[in-house]
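Structural overview
Letter by letter, the chains look like this.
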Amino acid sequence: MKLRVNPILCDGYGHCAELLPELVELDEWGYPIMPREPVSRSLEPAVRHAVKMCPRLALSLEKRAR
Amino acid sequence: MRSLNNPIIWYLMRGSGVVTLILFTVVVVLGIATTRRFRTARLPRFVTLGLHRSISLLAVVFLGIHIATALADSYAKVSLAQALLPLPSAKYGLWLGMGALSLDLLAAVIVTSLLRHRMSQRVWKSVHWLAYASWPLAFAHSVGIGTDKAAGWFLDTGVACAGLIAVTLVWRLLALRNPYPKYLGTAS
Ligand code: SF4
């Protein structure tokens, strides 16, 4: 599973970086940088929660990296 | 529905109405704070949004109690149609209809929020704006219907709710002037 962001929807609210400090960093404009590696099993529940919390619905957890 | 002539129902209806107004106010304030991307060192942004969502759920529960008790109470004499549709009523004038209209708008806001993943962000957001119409209607309904008008605590609550909304709106609008304010940035 890989965490992806739709950069057109994302508004740089930064909730994802607050909820997933292990995975997501913000660039200098406040937009998130997604991890390159697939999401580990243990973090999956946390990632799903973050996907739900994104105020712009810009995040998705996808089966395979495209 | 069979009418119940029990003072507890009557008090429950009034009490849950006031609680709903307070919770609805808090939800709107938290919603505005979310769009302003409010946060402090101790209070990350997801807390605002998380509270916005969970308190709105709580408000819906109290609103449900308020409507159910209004329907059940034999003294209030509210029909199902009056509770759901903005109809004028002989007993309450327009005030009851305002509550019903507020409910209808709120229902649209809630349903679209529950189905948010199935629609475009733009549709969801336009419907979500209806909350700004729903709150004043709920407020007018609470104050205007006037069961507790004479009570000082009730007026104080009303003034506090309206004041809180007004202050939050001003705070939000001030932020519009500066599209890249400090609270947004991460690095310098
Ligand atoms: S929470 Fe959503 S909108 Fe906010 S920065 Fe992350 S992806 Fe973008």
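As a convention, each chain's residues are numbered from 1 in the sequence order in which they are written. Each chain gets a letter, beginning with A, and each ligand a number, beginning with 1, in the order they are written. Residue-level local features of this predicted model are given only where pLDDT is at least 70; pairs of side-chain atoms are given and counted only at 80 or more, and the full residue set underlies all totals for whole chains, interfaces and linings. Note that the side-chain values use all heavy atoms of the structure and ignore hydrogens as well as water.

**Section: the site of the ligand**
All names here are of chain A. What makes a residue near a molecule or strand is one non-hydrogen atom of that residue sitting within 4 Å of it. Around the ligand lies a shell of 14 residues, among which Cys10, Tyr13, Gly14, Cys16 and Cys54 are the nearest. Here a cavity denotes a set of grid points, spaced 1 Å apart and computed over the protein atoms alone, in which a 1.4 Å probe fits but from which it cannot get out, and a pocket denotes an open set meeting protein on both sides within 12 Å along at least five of seven lines; residues with an atom within 4 Å of a point are reported as lining. Pocket occupancy is defined atom-wise: a molecule lies in a cavity or pocket when more than half of its atoms are within 2 Å of its grid points. Spatially, the ligand is embedded in the largest cavity. Gly counts as polar in this scheme, as do all residues outside two lists: the nonpolar Ala, Val, Leu, Ile, Met, Phe, Trp, Tyr, Cys and Pro, and the charged Asp, Glu, Lys and Arg. Classifying every residue of the shell around the ligand by side-chain character gives 9 nonpolar, 3 polar and 2 charged.

**Some words on a nonpolar patch on the surface**
All names here are of chain B. A surface patch of nonpolar side chains, amounting to about 410 Å² of accessible area, comprises Val60, Ile110, Val111, Leu114 and Leu115. Top contributing element to the nonpolar patch by residue count: helix α4 (residues 95-114), with 3 residues. In DSSP terms, a helix is any run of H or I states spanning at least four residues, a strand is any run of E spanning at least two, and both are numbered starting from the N terminus. Relative to the assigned elements, Val60 resides in helix α2 (residues 45-72). Only residues whose relative accessible area exceeds 30% and that form no salt bridge are eligible for patches; like-charged ones are grouped when within 9 Å, while nonpolar side chains (Val, Leu, Ile, Met, Phe, Trp, Tyr) are grouped when within 5 Å. Per-residue and other accessible areas were derived by the Shrake-Rupley procedure at a 1.4 Å probe size, with only the shown protein chains allowed to occlude residues. In what follows, salt bridge is the name for a side-chain nitrogen of Lys or Arg lying within 4 Å of a carboxyl oxygen of Asp or Glu.

**Observations regarding empty space enclosed by the protein**
All names here are of chain A. Grid points are joined across faces, edges and corners, and a volume is the space filled by probe spheres set on the points. The full count for this structure, using the stated rule, is 1 cavity of 30 Å³ or more. Counted as a void, the largest cavity has a volume near 80 Å³. Together, 13 residues line the largest cavity, and Cys10, Tyr13, Gly14, Cys16 and Cys54 are the ones closest to its centre. Looking at the lining of the largest cavity residue by residue, the class counts come to 8 nonpolar, 3 polar and 2 charged.

**As for the confidence of the model for chain B**
Caution is warranted with low-pLDDT regions, since their predicted coordinates should not be read in detail. A residue's pLDDT is simply how confident the predictor is in it, with values from 0 to 100. Taken residue by residue, chain B gives an average pLDDT of 88. The fraction at 70 or more is 90%. For this predicted complex, the interface score ipTM comes out at 0.78, alongside a pTM of 0.85.

**Section: the side chain of His141 of chain B**
All names here are of chain B. Within the secondary structure, His141 sits in helix α6 (residues 131-145). Relative accessibility thresholds used throughout: buried, under 20% of the residue-type maximum; exposed, over 50%; partly exposed, between the two (1.4 Å probe, protein chains only). Exposure remark for His141: the relative accessible area of 15% places this residue in the buried category. The contact criterion used is simple: two residues touch if any of their non-hydrogen atoms lie within 4.5 Å. Dropping the residues within four chain positions of it, His141 is found in contact with His66, Trp95, Leu96, Met98 and Gly99.

**Structural notes on helix α1 (residues 7-35) of chain B**
Helix span is expected to be 1.5 Å times the residue number reduced by one. Between its terminal C-alpha atoms α1 of chain B stretches 42 Å, which fits the 42 Å expected from 29 residues at 1.5 Å a residue. Where α1 of chain B terminates, the next one or two residues include Arg37 of chain B, which has phi positive at roughly 60°.

**Section: the environment of Lys125 of chain B**
Residue and element names in this part refer to chain B. By the element assignment, Lys125 lies in helix α5 (residues 121-128). The partly exposed category is assigned to Lys125, whose relative accessible area is 36%. For the pair formed by Lys125 and Pro88, sequence separation is 37 residues and the distance between their alpha carbons is 30 Å.

**Describing the interface of chain A and chain B**
Listed as interface residues are 17 residues of chain A and, on the opposing side, 17 residues of chain B. Between chain A and chain B, a total of about 1,600 Å² is buried, with carbon and sulfur atoms accounting for 54% of that surface. Here Arg37 of chain B ties to Asp11 of chain A by a salt bridge, and the two come within 2.9 Å at their closest N and O atoms. In protein, a polar contact means a hydrogen-donor-capable atom and an acceptor-capable atom, both N or O and within 3.5 Å, with residues adjacent in sequence counting only if both atoms are side-chain atoms; elsewhere, any N or O pair within 3.5 Å suffices. Summed over the shared surface of chain A and chain B, the result is 8 residue pairs in polar contact (both at pLDDT 80 or more). Contributing elements (two or more residues each) for the side of chain A that touches chain B: α1 (15-19) and α2 (44-53) of chain A. Among the elements that line the side of chain A that touches chain B, the one with the most residues is α1 of chain A, at 3 residues. Class assignment of the residues belonging to the side of chain A that touches chain B gives a composition of 7 nonpolar, 4 polar and 6 charged. Here the buried area means the combined drop in accessible surface, using a 1.4 Å probe, for two parts upon being joined, counting both sides.

**Structural notes on the layout of surface pockets**
To locate leftover empty space, one rolls a probe as large as a water molecule over the atoms. Residue and element names in this part refer to chain B. One number sums up the size of the largest pocket: a volume of about 1,200 Å³. Together, 40 residues line the largest pocket, and His52, Val109, Ser113, Trp124 and His128 are the ones closest to its centre. Looking at the lining of the largest pocket, the elements with two or more residues in it are α1, α2, α4, α5, α6 and α7 (152-176). Ranked by residues supplied to the lining of the largest pocket, first place goes to α2 with 9 residues. When its residues are assigned to classes, the lining of the largest pocket shows 23 nonpolar, 11 polar and 6 charged. For the second largest pocket, the calculated volume is near 610 Å³. Around the second largest pocket, the lining is made up of 30 residues, and of these Gly17, His66, His141, Ser142 and Ile145 lie nearest the centre. The dominant element in the lining of the second largest pocket, judged by the number of residues it contributes, is α1, at 8 residues. Among the residues forming the lining of the second largest pocket, the class breakdown is 19 nonpolar, 8 polar and 3 charged.

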